[in-house]
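# Per-entry structural report
Read off the chains here:
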Amino acid sequence: MTLPVIVAPMFLISTPKMVIESSKAGMIGSFPLLNARPASKCAKWLQEIKEALPTEPWAVNFICHERENQRYEEDFALIKEYQPPIVITSLGNPTPVVEAVHAYGGKVFSDVIFVKHAKKAAMAGVDGLVLVTAGAGGHGGTLNPFAFISEVRSFFKGKICLAGTISTGADIVAARLMGADYAYMGTRFLTATEGNTTDDFKKMVIESDIEDIIYTDAFSGVNANYLIPSIINNGLDPTNLQSKGKLDFSVMTDAKAWKDIWSAGQGVGSVKNSQTIAEISEELRGQMQEAIEKAGTILTTEKV
């Protein structure tokens, strides 16, 4: 890796090409296993990525809740067969995944939104934690990143990936200074030419800012960040959305729940155009260098 970034696995958006180009650009590309349906198609994706990235790191996202992921057994079998270098677990107990992935020398990261979940994942022996904080796209959390990282670092010595409103190179530098090893970035790559984002979706992302994001459980029973214009375009009033009132796993990973109501994080205002992943990575590197130089100047010459 030459850039401490994991390009987040985005439901319906991430593609093999996106994973491959991200990892070739010095980052870690990833995709949700459920993006490829049926499982036979997922196997082809895994084979394509594995052949294209024989030495570069890449990752898959696995919903490891047996009762709620109807493809649990098939996806778990694919992980064992194709041996992705990194498996990012969501929901459920990651212990079986840790055992299987460690057996072939891979790493397991778990995404969490609460400290109690981070402690359980750490006890299961995961190698890394993805701390999903306030403002993250998709099923974002509510915790402040400063406090979240600080508490997790008090008991966890593994890798930490920080997710939530990270869109620029300066954000990456800030995340590293706060104690994170990687920045977990999704929204910044929504308009990447290699992704499976429609032109209308890309246009909305480019034209939106933080005021266009709403955090609601109206669509899946789990709070997530959505683009308000997409809600309005579907004939709904964003000021009068009805809570589902309960967790509904059946739509958490259902394409129908995300096809027309589009998700993005609060960092959407930093996305100004559509670029290739290689171009985005170079821009992030330049922004990081500028931020590092600026930080050095502030710390050594400016008075508080």
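For the structure, see preceding data.
Summary of the structure given here. If you're wondering where the values come from, they're calculated on a predicted model, not measured in any experiment.

Alternating residues of strand β10 (residues 224-227) divide into A224 and Y226 and N225 and L227, and every residue in both groups is buried. Two elements, strand β9 (residues 213-216) and β10, share four bridges in a ladder whose sense is antiparallel. Residue pairing across strands places T216 opposite A224, the latter belonging to β10.

A word on helix α5 (residues 115-123). Considered for burial, the residues of α5 that qualify are V115, A118 and A121. Angularly, the buried residues of α5 cover 120° about the axis, an arc narrow enough to put them on a single face. Along α5, the residues that are exposed and aim more than 90 degrees away from the buried face are K116, K120 and M123. At its buried positions, α5 is contacted by β5 (107-112), β6 (128-132) and α6 (145-153). Downstream of α5 by a residue or two, G125 has a phi angle that is positive, lying close to 90°.

With respect to topology, eight strands assemble into an open sheet ordered β1-β8-β7-β6-β5-β4-β3-β2, the strand pairing being parallel. Among the strands making up the open sheet, the edge pair consists of β1 (5-7) and β2 (29-32). Taking the axes of each pair of neighbouring strands and ignoring which way they run, one obtains an average angle of 25° across the sheet. Sheet topology places β1 next to strand β8 (residues 182-185); three bridges connect them, and they run parallel. Bridged to V5 within β8 is A183.

Looking now at unusual backbone geometry. With an omega of 0°, the peptide bond running from R37 to P38 counts as cis. Take P38: it is sitting in the loop between β2 and α2 (39-52). One non-glycine residue, L91, lies in positive phi territory at about 65°. Following the sequence through the fold, L91 ends up in the loop between β4 (86-90) and α4 (95-103). With a phi angle near 60°, T165 is a residue other than glycine that sits in the positive phi range. The class of T165 is partly exposed, set by a relative accessible area of 35%.

Bringing the nonpolar core into the picture now. If you look at the biggest cluster of nonpolar residues, it comprises 73 residues, and the most contacted ones within it are V5, F31, L46, F62, L129, L131 and F189. Top contributing element to this core by residue count: α2, with six residues. Here L129 is in contact with S110, V112, A118, A121, V152, F156, K159, I160 and C161, once residues within four sequence places are set aside. Formed by 14 residues, the second largest nonpolar core is a distinct cluster that contains I6, I86, V130 and A136.

This part is about the packing of α2 against helix α3 (residues 72-82). In a pair of packed helices, the angle between the axes and the distance between the axes together describe the arrangement. Between α2 and α3, the least distance of the axes is 11 Å, while the angle of their chain directions is 25°. When the interaxial angle is binned, α2 and α3 end up roughly parallel. Classified by chirality, the crossing of α3 by α2 is right-handed. Facing α2, whose interface residues are A39, C42, A43, L46, Q47 and K50, α3 presents E74, L78, E81 and Y82. Looking at the contact of α2 with α3 residue by residue, the class counts come to six nonpolar, one polar and three charged.

The rules behind these values
- Residues numbered from 1 in each chain as written.
- Predicted model: local features only at pLDDT ≥ 70, side-chain atom pairs only at ≥ 80, totals over all residues.
- Heavy atoms only, no water.
- Buried < 20%, exposed > 50% of the residue type's maximum accessible area, 1.4 Å probe, protein only.
- Helix = DSSP H or I, 4+ residues; strand = E, 2+ residues; numbered from the N terminus.
- Pairing = 2+ DSSP bridges.
- Arc of directions from axis to C-beta.
- Contact = heavy atoms within 4.5 Å.
- Axes fitted to C-alpha atoms, helices over the stretch in contact; angles between N-to-C directions.
- Core = buried A, V, L, I, M, F, W, Y, C linked by side-chain atoms within 4.5 Å.
- Parallel < 35°, antiparallel > 145°, perpendicular 65-115°, else oblique.
- Left-handed = near helix turned anticlockwise from the far one by under 90°.
- Nonpolar A, V, L, I, M, F, W, Y, C, P; charged D, E, K, R; others polar.

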